[in-house]
Amino acid sequence: MSIVLPKEHGAWAMLIVPFVVGVVPYGPTWLHLPLFLGWFFLYLSSCPLRMLFRNPQQTNKPVKWLAIYSIIGTTFLMIPLYYHWQLLSLGLLMVPLLGANLYFARVKREREFVNNLSGIAALSLGSVASIYVAVGAWTEEAFWVWLFCVLFFGGSVFFVKTKIRERNNTVFLYYSWLYHGLLVLLPIFLSEFLLALAYLPSFARSTALTKREMSPLQIGQVEILNSLFFTVAIINYLKLA
């Protein structure tokens, strides 16, 4: 029996990093375990759901795995929702983001930049959920953590596209340099030096590796190391802020 799993390897970091960044600085609780498992399986359910929208004629396999993942994910999420029903509001925020993903899947344009950003915005909400479970309230810090994660993974989209789909697009490369440069310069301008440090490796790899030929495996390895550095750096920033 073949298992339906997402093929976007970078999305695993987008799923895990925001959640961890939301947990560690504010303190883990036992509710974070069922919250993460529910979040994880609902993310898995997005893969067969997109398959259904991409190829409506092929329903047997996607429907089966959509049901399996959704039931498991919902079961786990019922536990934190029992204590924090306010988390349902995050589901409302995800509706338009998921809708955008399904639209691009239907028209077979899933690699569009806007689609990438909508997926990043949705997965980064894991940080907001984990912070809420930790502190029991909506906080301004939760918004900033979400934004920090969205900006970081937005840089990953720029970098990967400059190495693969847009590798011969000079204008896109300049946009990537500008984007990464602003992620470092704006925090420095605001005297948030630790925050600037969290984005510094992203800027370095976007410029230093511009002309280097890299395989998808090498690109993935660079992004894993960069994600680990960002996770540690942003957690330290949040603890000291």
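This structure is a prediction, so every number in the text was calculated from the model and none was measured.

What counts as what
- Residues numbered from 1 in each chain as written.
- Predicted model: local features only at pLDDT ≥ 70, side-chain atom pairs only at ≥ 80, totals over all residues.
- Heavy atoms only, no water.
- Helix = DSSP H or I, 4+ residues; strand = E, 2+ residues; numbered from the N terminus.
- Buried < 20%, exposed > 50% of the residue type's maximum accessible area, 1.4 Å probe, protein only.
- Polar contact = N/O pair within 3.5 Å; in protein donor to acceptor, adjacent residues only side chain to side chain.
- Contact = heavy atoms within 4.5 Å.
- Phe/Tyr/Trp six-rings, centres within 6.5 Å; stacked < 30°, edge-to-face > 60°.
- Expected span 1.5 Å × (residues − 1).
- Bend = angle between axes of the 7 residues up to and from the residue.

## Notes on the side chain of N101
- Tracing the chain through its elements places N101 in helix α4 (residues 88–106).
- For N101, a relative accessible area of 13% puts it in the buried group.
- Reaching out from N101, the side chain makes a polar contact with the side chain of S118 at a distance of 3.0 Å.
- Sequence-distant contacts of N101, that is, excluding residues within four places in its chain, are made with N115, S118 and G119.

## Structural notes on the packing of aromatic side chains
- Counted by the stated rule, this structure contains 24 aromatic pairs.
- On the basis of an interplanar angle of 15° and a centroid distance of 6.3 Å, the ring pair of F41 and F76 is categorised as stacked. In this pair, F41 is assigned in helix α2 (residues 32–54) and F76 in helix α3 (residues 60–83), connecting sequence segments 35 residues apart.
- A residue is classified by how much of its surface remains accessible, and F41, at 17% relative accessible area, is buried.
- Summarising the aromatic geometry, the rings of W65 and Y69 are spaced 5.4 Å apart at their centres and angled 35° between planes, so their arrangement reads as tilted.

## Re the side chain of S227
- Assignment of secondary structure puts S227 in helix α10 (residues 216–240).
- Looking at S227, the relative accessible area reads 6%, which means it is buried.
- Those residues in contact with S227, other than ones at most four positions away along the chain, are A13, V17, F152 and F153.

## Examining the environment of E110
- Locating E110 in the fold gives a position in the loop between α4 and α5 (113–123).
- On the basis of relative accessibility, which here comes to 21%, the residue E110 falls in the partly exposed class.
- Measuring from C-alpha to C-alpha, the distance between E110 and E213 comes to 24 Å, with 103 residues separating the pair along the chain.
- Discounting chain neighbours no more than four positions away, the residues touching E110 are R50, R54, F104, A105, N115 and N116.

## Observations concerning helix α9 (residues 193–208)
- Under the 1.5 Å per step criterion, the end-to-end length of α9 is 22 Å for 16 residues, consistent within 8% with the ideal 22 Å.
- The sharpest bend along α9 measures roughly 40° and falls at Y199, with the proline P201 sitting one to four residues further on.
- Of all the residues in α9, the buried ones are L195, A196, A198, Y199, S202, R205 and S206.
- Where α9 is buried, its residues meet α7 (140–163), α8 (170–189) and α10.

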